[in-house]
Structures are given as C-alpha cells and as structure tokens.
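Listed here are the chains, written in short residue letters.
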Amino acid sequence: MLNLKLIPPGALIGLFLCAVFLFVAVFARWVAPYGLGEIVGGVWEPASSKYLLGTDNLGRDLLSRMIYGAQTTITIAALATALSFTLGSILGFAAAVIGGWFDTIMSRFVDLLMAIPTLIFGLVVLSVLPSTILTLILVMGLLDSTRVFRLSRAVAVDINVMDYVEAAKLRGEGTGWIIFREILPNALSPLVSELGLRFIYAVLFLSALSFLGLGVQPPAADWGGMVKENKEGIVFGIPAALIPAGAIAALAISVNLVADWILNRTTSLKGGRG
Amino acid sequence: MAKKTRTKPSSEGRLLEIRNLKIEAKVYPPGETPRLVTIVDGVSLTLERGKVLGLIGESGAGKSTIGLSSMAYGRGGVQITGGEVILNGRDILKAGKEGVRKLRGNEVCYVAQSAAAAFNPAHRLMDQVVEASVLHGTATRAEAEKRAKHLFRKLSLPNPDTIGERYPHQVSGGQLQRVMTAMALCSEPDLIVFDEPTTALDVTTQIDVLAAIKDAIRDTGVAALYITHDLAVVAQVSDEIMVLRHGKLVEWGGTRQIIKEPRQEYTNALVSVHHIEHEEHKPTANPLLSVKNVTAAYGGGAVKVLKNVSVDIHPGQTLAVVGESGSGKSTLARAITGLLPPEQGSITFAGRTLSNALKDRKRDDLRELQMIYQMADVAMNPRQTVGTIIGRPLEFYFGIKGAERDRRVAELLDKIEMGKGFVDRYPAELSGGQKQRVCIARSLAAKPKLIICDEVTSALDPLVANGILKLLLGLQKEEDVAYLFITHDLATVKSIADSIAVMYRGEVVRYGSKSKVLAPPFDAYTDLLLSSVPEMEIGWLEKAIKGRRMEAGGN
C-alpha cells in the first residue's frame, strides 16, 4: 500500500495542487459562484468579497470563468495528450520492432510533419476546419503524437536489441506481446516523464491557439482566451490577465512534480516495493 | 630524464602498509531509511618495494575497493571510514585533496579492467599516456614521449614509434591493455594497481599481456597490487597472494603456499574448482542437429563470419564450440536459431530441415531449440517476476495457465535448486548465479531437445560457474537434453563436452570427440589455445611462451 509519509514533499505539493485543479475542473458547475457568461458587475472591478478575483473586461466574475476555464483547458489538453501518447507510442514501438519499410515510411512521414512549425500547421488546419472541441483535440493530439513517436521509437530501438527481447522472438512471440509486455514496461520511465511535459505543452498550445482566436471560441472560457480578453487591462495596471497566466504556470509545475515522483517509482527494478 | 621532485625514503623496504581498513557505502533501499553497508572490514596488508601482491576473491569480495584505497579513492559513493593507508611513510587518508592529487598518477597508477572503456576515445593514445607525467611535472613532454616509446617497445607493441598517434579504437583490445600498462609505468610510479587487466581478454591474448606485464614489473622494479578472480593468472605474476571474501581476509601467504598448501577451506575450494568428472559419450547414428556446410555473413554478404561449417550434435550429448572472440562461435548459434539466416548450407533438426529464417519456423521447432545467454541479467526482462519469466514458455507452448502453471513453475524452480520464495522476485533481486539458473529454468520449461548455451558461465565467479555446470550436467542426465556449448574456456570444455569443435576465423579447424580433439598431435591453433589456458603452477607462463608455435589471431 501507498504510505503517505514516504511521498516526498515536492510530490505532495504537486499532488495537492493537481487534486485541486481536477476537483475544480470536474465540479465547475457547483464550485463556481456565478454562471459562465453571466455579467455580474462593472468592467475590471478589483477583487472584493463579492468577486474574489475581480471581474473581467465585460464585467463577468473572473473566478467563475477561471473555474470553467480549468474544465475546458484541462479536458482538451488531457484528451489531446492521451491521443498523442496512444498513437505516438504504439506506432513508435511498432516502427522499432517491425523495422524495414514500415519504419522508413512512418519515420519519414513524421519528419515531414515535424518540418512544419506546429503552431503554423495548427493555425492553417484550424482555420479551414470548423472550430469545435473535437477538431481541436484531434489536431492537437495528432501534431503532438509526432514528438511522442520520435521518443518512443528511439527508446524502443534500444530495448529491441536487448537479449530478453531476442529471447522472446526466439520463443516465437508475436509483435503484440513484444510491444506491450517486453518493451512497454521498460520504456515507461522516459514516457511518463515525457507525459508530464507533453500535457503542459498541450495546455500551452491550446492557450496559444485561443490567444490567437482559433482555439476555444467565446463565450466558452479557457485560460489562454482569458489572457487575450484581458490583455488590454495590463496597461492600466489591472491583473486580470495575469491570473489565468499564473494558473497555467501552477498547473505546469504541479503536473511535473507528480510526473517526477511517478518516474522515481517506475524506475525501480524491484517493483517499487523496496 | 628529469629528477623526480619527491623524495623516496629508500632506506626502508616497506612501500605500502594498510592497517585495519574499513570501507563503507551508503545504500538507499527504496522505502527504507538509508543505511551504511560495510564493504571492507578490518583488512591489513603490507607490500614491499618491487613486490607483487595478488588480491583474489569472487565479485563483491572488496578486492577492487581495497586496491583503490591505496590511492585514497572510493568508487561510487564508497567511503573509507576507518584504518590507515601508509604509502611511502605517510598516511594518505589524511593527505587532503591537494596531497591526493599529487599522489595519483605519480606515486600510484591504476590499470583498469576494460582499457577500451577507460581510454578517452576522442584523444590520441600518446596524449593520454604522457598526460600524468607532464601534469605532475616529472618530465617534459619530449622526455615523457621518449619514455613512452621505450615502454611500448618493452611491452612488445607493434610499431612502438607510431602507435601513440592512433586513437583507442584503432588498436585491438589486448594492445590497448598494454598501452594502458605503459601509461601507468610512464610516470615511474612506486606502485601500480592492476584491476583485472586480463579478465576481458581471450586466453590467447591474455598470455601475451600477462607476459608483458610481468616483464615490465621485473624491469622497472615497481610494486603492484594485482586484482583478479583467476587464481591461475595471479599465480604467474605475484609473489604473495591474499584471498578475500565478503570484505574480510581469508588467507594471506606466499604464492606457492596458497596454491599448493591452502590452509583455509575456502582457498582450497578456489584452488580445486575446475575438477568435474565427465564420462564421454559415443556419437550415435542419428544426430539430433546436423549443420551442413553453413556459410553466413553480416552486412548482406560483405563480411563472411562462418565459412563452410559442418558439425553434428547427438541426442543427450554436448558439443562444445571453442575459439577466441571473433572466431564465429556466437554467429554459429545465431545461424542455428535463425536469427542470422545462413547464405548457404542446411540445418537439420530432429529429422526435419529447419527453414533458414526465424519467422518461417514452426512453433515446435522453436520450442525444441532453446537458448541460454552469456549475460543473464539482460536476458531476462527486468520488469517481469521470476514466475512470469519461467511461466511464459509454459503458457505459450503448452497453454498451461493458473494453478497448474504455478505448480509447474515451482517444480522447475526446484529443479534448478532454488526455493519457492523466488517466484515473486524480480531479476534485480537475484544474484548472478541465481539469474543464470532462472534462465536455465526458462529454457527447460519449453521441454527442449537442444539448448544452446552461449558462454553461460563466463560472466560468473569460478565457484558459481562450477555450480551452474554441475546443474547443467545433472539436468542433461534427467531430461536427456543436448547442449551446444559455446565457450572460450577450455577447462569448462574438459568438464562437460562429449565432442568439441575448435573454431578459428569462421572455420572449424578441428572437430571430433573430446578425447580425440584433446589428444596430440595438435594443429597449430589448437595447440595455441590449449597452451594458453593458465595453469595453477608457478613458472607456467614462461614455459607456455617458449613452447608456442603461432601468434594469437587477435594481434
């Protein structure tokens, strides 16, 4: 069983923050004091007991929008990351194990995709396709999976030449067993650390897209879009734009604290039971 | 040559004295508080000028750790926590950073086990050889180079005047080990620590390096600590031998006394380790595996590594394939298993012709032909438990699942003389010998007719290796399984083979029953191989060098 005392303080902080973010995201509807698009006061009112974080550029409660924003941002980023990891790692492992023409075709195709800057590629695709949450997830997931493909292929190529994989091949095992039972458990460490990083990149990418106006469409809230909406306020000394930016940073740090801790546990070759 | 800046107290004969050395390391078991583990416990030794002391013991005995303490160095988080190391009349443990810096590479030099890993691949050999002398200011660059070339010649390296311009990858392993010895001798130290300098080499190369080291020690009058696990090797070079076990002294005495009249039981076990009696079987009419005129190559035919090889293996018998590294013995195994499809020739197994490529083979062919690897720790998935590792062939080949599978796994663990407690362990929680046993159990689980053993004992300590060989022989009697035993160790061959194939540069140069192959007259290569195996006898090295008819292929 997990012993709470054994979790290092850094990981505890990360776990706590992640839990808060997750709780808020899942129960946004009940946690938020006001509605998503509800105009409750004046423009850019300062923080008060009524509006804990103040109001935004249209007079909506910033805290409520932050909470709904957490829901959108985390959902899209998590689903996009899940898609990129499933696709990227399975194809990457398969390319390493099967090799030959499959590897060549996949790797060159990925190189081709990576040659185009992700943001520009995303902007072009999203300006053509209808801006729904599904297309956002698909585009972000597919673009990110190229990075995961490269990493997992590189890791798997090294593992694929180990004697125990050769022993499995000599036994006559199929590609599925070799990928999922021999390679995957041994490739988890770099993949988990990459997972934390990739999730954050997805948050940042989504925020960038929203900031540029191609991501989550108003009136729905997401953190990148909120920075955009409130950016003019910075000139007047109003911190409304900095609060979502700070939330993005806090999420990034806490997710990586947790990822580091999981990494430490998965690298143990004694089943993590010491 | 420049005068050395340090003063040598030459009046006294004693160079190094270690008193009650205690070395500890901090271990961090996951989930527990870090604790100190004692690696070396109360070891004392003295070494006279110009003498050689051999440190011997199995892995984990603390021999390297003691050797490195003579230069006040603790490897990988190891701390010297007690005792004194007195070199040239002063305690170097109290010398401080600056003092230790003056000492290393100047008074004490080190020769590492794997010269290939210890040299910096990005610098020319000469730059690395003279570095210590130039840095310590004991010689100018020109003087040091002159000295180095003189040493290259003394260590009988080819082209002694130009070999220093090469990079480490441009010379062979045996030569590199000699260059490293030259590097250690170049700054004219008082003491050299040899840390298993010949363990990674072939027997045929080892003998050259050994002779070179011995001559160099004699001519320069340097003292040496010679660390090895091979008693026969240490008997050739050292004046005294110290036997260590679990960080403690077992026995310390003159070389002759240790190998002829060991006083401790453990030393006796080390000395008499290789004797396993094995009755040779006669070949049968129907060989189990028949390799006919197989030729195989890497890189699409560019590098031929097997040339027209033909051997037979008979049911329940052992064929040993011997040769130095690069002779193609492992490639033969790869050709038989189908990992490297042969270009020409055919392989017949149990009356069926095996298809060349692995992917075309039937499941029964795969099942009946199993393989055990040299490095047991990389041959098992580190994230699977022993139960999964042994149980998988049962599931895969026979479809045995659940309780029945667990029962069979327990049975197999019993066969390899390991208890039930091991089922849930991960490979990282096993010792080297246990790992190899689990690999044996995994191949046995498939109920094979033939097991290919690729250097299965060469990564193990002699006593552990001996246990594995006895186990393999016992299992052969029980299960009637045949072995293809690949090795470079002729002592192993003598203990287990029924027939022998000697390979040299991809060809079988001598093949037949054990008694025939090991009986004179020998061809030149077999003679070299046989005469290169160190014997536990003082003066063997000189005799062997004199009696040789050809040079080793590696040089």
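Residues numbered from 1 in each chain as written. Chains lettered and ligands numbered in written order. Predicted model: local features only at pLDDT ≥ 70, side-chain atom pairs only at ≥ 80, totals over all residues.

**What about the overall build of chain A?**
Scanning chain A from terminus to terminus reveals 10 helices and 0 strands. Start at the N end of chain A and walk to the C end: the helices and strands fall as α-α-α-α-α-α-α-α-α-α. Counting only C-alpha atoms, chain A reaches 75 × 50 × 30 Å along its principal axes. When the 274 residues of chain A are sorted by exposure, 40% land in the buried category. In chain A, of all internal contacts separated by at least 6 residues, the share reaching a separation of at least 24 is 67%. (Helix = DSSP H or I, 4+ residues; strand = E, 2+ residues; numbered from the N terminus. Buried ≥ 20, exposed ≤ 12 C-beta atoms within 10 Å, placed from the backbone. Contact = placed C-beta atoms within 7 Å.)

**Considerations on the packing of helix H3 (residues 62-98) of chain A against helix H8 (residues 175-211) of chain A**
The axes of two packed helices give the description: the angle between them and the distance between them. Residues and elements named next belong to chain A. Direction vectors running N to C along H3 and H8 enclose 145°, while the axes themselves pass 8 Å from each other. As H3 runs across H8, the sense of the crossing is right-handed. The class makeup of the residues in the contact of H3 with H8 is 19 nonpolar, 5 polar and 1 charged. (Axes fitted to C-alpha atoms, helices over the stretch in contact; angles between N-to-C directions. Left-handed = near helix turned anticlockwise from the far one by under 90°. Nonpolar A, V, L, I, M, F, W, Y, C, P; charged D, E, K, R; others polar.)

**Comments concerning the sheet that holds strand E4 (residues 78-87) of chain B**
Residue and element names in this part refer to chain B. A sheet is described by the order of its strands in space; here 4 strands give the open sequence E2-E1-E4-E5, paired in antiparallel fashion. This sheet does not close on itself; its edge strands, each paired only once, are strand E2 (35-48) and strand E5 (90-91). Taken together, the 8 bridges between strand E1 (residues 14-27) and E4 define a ladder with antiparallel strand orientation. Pairing of Ile18 across the sheet is with Val85, part of E4. (Pairing = 2+ DSSP bridges.)

**Section: the environment of Pro382 of chain B**
Within the element layout of this structure, Pro382 of chain B appears in the loop between helix H13 (376-379) and helix H14 (386-398). It is 27 Å that separates the C-alpha atoms of Pro382 of chain B and Asp364 of chain B, two residues lying 18 residues apart in sequence.

**So, the domain arrangement of chain B**
All names here are of chain B. Partitioning chain B into domains gives domain 1 (15-271) and domain 2 (289-519). Its C-alpha centre places domain 1 at a distance of 35 Å from the equivalent point of domain 2. Listed as interface residues are 8 residues of domain 1 and, on the opposing side, 6 residues of domain 2. Taken together, the elements giving at least two residues each to the side of domain 1 that touches domain 2 come down to helix H7 (203-220) and helix H10 (265-271). For the side of domain 1 that touches domain 2, the per-class residue count stands at 3 nonpolar, 3 polar and 2 charged. (Domains from an automatic or database assignment.)

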